[in-house]
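Survey of secondary and tertiary structure
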Amino acid sequence: MAGQDRSRRCARGVAVAAMLALVVPVAVASPVGPVSASGASVNAAVVWDGYAQTAIWDVAGQQPAQVAGRSFAMVSGAVYDAVNAIAGTPYQPYLVAPRAWGFESTDAAVGAAAHRVLQALFPEQQQRLQAQYELWLAGIADGRAKRGGIAVGEQAAAAMIAARQDDGAFGDQMWSVGTEPGEWRPTPPAFANSGAWFAYMKPFLIPNPAMFRTQGPPALSSRAYARDLNEIQRVGSATSTTRTADQTDAARWWHDRKSPNWEIKRQLATSQRLSVLQTARMFAMDDITATDAAVACNNDREHFSFWRPVTAVQLADTDGNPRTQADPNWTPLLVTPAQPDYPSGNTCGTSARMAAYRLFFGTDRIPFSADSVDTGTTRHFRSFSQATAEVIEARIWGGIHFRTADVNGAELGQAVADYIAQHHFQPHR
């Protein structure tokens, strides 16, 4: 029996290696440690999260952050429900707990759940995804356990796909456009208006996005607003002489549309040696929390519809605040996204993720790092709170968000994470 087990692990390593070589043509951050024919174990949840990133980002054409977030949350939620069911449902399911007896193959369930959701999201990738899935299954011994795992994964995926039908994704809503001081209007260079549908999309877990409503941006006539504007005018300019090289790198690193957060979650699962169940639970908490934080954040944006720094600085002579000074030629370091300023979407999402990690691991102090394709650099963090603190500053250094938008966005993300951790994914008593 031991010899047969080693042979099966060997065959599995060959199959996974073949998948990595044949069906992931675009380079992504390695989701696991070395996978070889020597019998090295693989974490199925980590592997399939990497495959999800390939489908969501590399092949689908680099989707906007909110679109990618919804896709990741659907995959992670389905995988979690499948793995949790096979483990005997030790935690609250996200949607369902398919009937399982415990003998089912967890690896087969992970592959089936992720594959089915990805096929529903990206039907144009069906051939590539099917080939990837078949290679994955080829590394799992045929039999009742494999068939049972596939059935559990399929059921979890079907529940997820049904739950997200008509959830408001990809609607035709537009951000409210104003002309008065403080009101948002499209910004250069594209003067685009996009992504407003996310303010109206059905959340995954929070009952109502408005329950996380923030206090709003400071009044234009206030000292707080003047401090925000003068700060970003100084350090967020494309030609700033006070911003350091490291601050410039941080601004660009956190602005990378291929989010470093995707690499971070897989790195944490590997470095902390999480089991497949632990990984699936952590990924589901992370992705769903971040996506619901984004829904609440964009709902807040539409509510306040506050102008971006590039507009505010150029039109500061209209804000009625004697402490500000207009610069019609001012431009930010980064290209301003096509949504209102307040609150900052990146700080909402990153804060939500980092808070979810703190709650999952029960500690703030776990070191991690990630790379950026945009900058070609790696940034290192000693704790989750350090990452949140840096992204708050980075959006100011980039010239695209006022400090108040960043700080309040981080508070919103924390609040969403706290709510979800208190009400969902808890151990069954």
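Notes on the structure follow. Keep in mind that what you see is a predicted model, and the values were worked out from it rather than measured.

Moving on, we get to the packing of helix α9 (residues 260-271) against helix α12 (residues 345-361). Where α9 contacts α12, the two axes come as close as 12 Å, and the packing angle between them is 10°. As judged from the angle between their axes, α9 and α12 are roughly parallel. Facing N261, W262, I264, K265 and L268 of α9, the residues of α12 in contact are T350, R353, M354, Y357 and F361.

Relative to the helices and strands, K265 is located in helix α9. On the basis of relative accessibility, which here comes to 0%, the residue K265 falls in the buried class. When the C-alpha positions of K265 and A370 are compared, they lie 9.8 Å apart, and in sequence the two are 105 residues distant.

So, about the side chain of R308. Examined against the element boundaries, R308 turns out to sit in the loop between α10 (276-304) and α11 (309-314). The charged side chain of R308 is buried without a salt bridge, its nearest counter-charge being D341 at 4.7 Å. Polar side-chain contacts of R308 include one of 2.7 Å to the backbone oxygen of Q339. Within the local environment of R308, its side chain forms a polar contact with the backbone oxygen of I400, the two atoms lying 2.7 Å apart. Beyond its immediate stretch of four places on either side in the chain, R308 contacts W184, T187, R301, T336, P337, Q339, P340, D341, I400, H401 and F402.

Note the cis peptide between P188 and P189, where omega equals 5°. Take P189: it is sitting in the loop between α6 (144-163) and α7 (223-235). Cis geometry marks the peptide bond from Y342 to P343, where omega comes out at -10°. Its location among the elements puts P343 in the loop between α11 and α12. In the Ramachandran plot, D166 falls in the positive-phi region, its phi being about 55° despite a non-glycine side chain. Overall, the relative accessible area of 80% leaves D166 in the exposed class. Within the chain, F170 stands out as a residue other than glycine whose phi angle is a positive 65°.

Conventions adopted
Residues numbered from 1 in each chain as written. Predicted model: local features only at pLDDT ≥ 70, side-chain atom pairs only at ≥ 80, totals over all residues. Heavy atoms only, no water. Axes fitted to C-alpha atoms, helices over the stretch in contact; angles between N-to-C directions. Helix = DSSP H or I, 4+ residues; strand = E, 2+ residues; numbered from the N terminus. Parallel < 35°, antiparallel > 145°, perpendicular 65-115°, else oblique. Contact = heavy atoms within 4.5 Å. Buried < 20%, exposed > 50% of the residue type's maximum accessible area, 1.4 Å probe, protein only. Lys, Arg positive; Asp, Glu negative; His and termini not counted. Salt bridge = Lys/Arg side-chain N within 4 Å of Asp/Glu carboxyl O. Polar contact = N/O pair within 3.5 Å; in protein donor to acceptor, adjacent residues only side chain to side chain.

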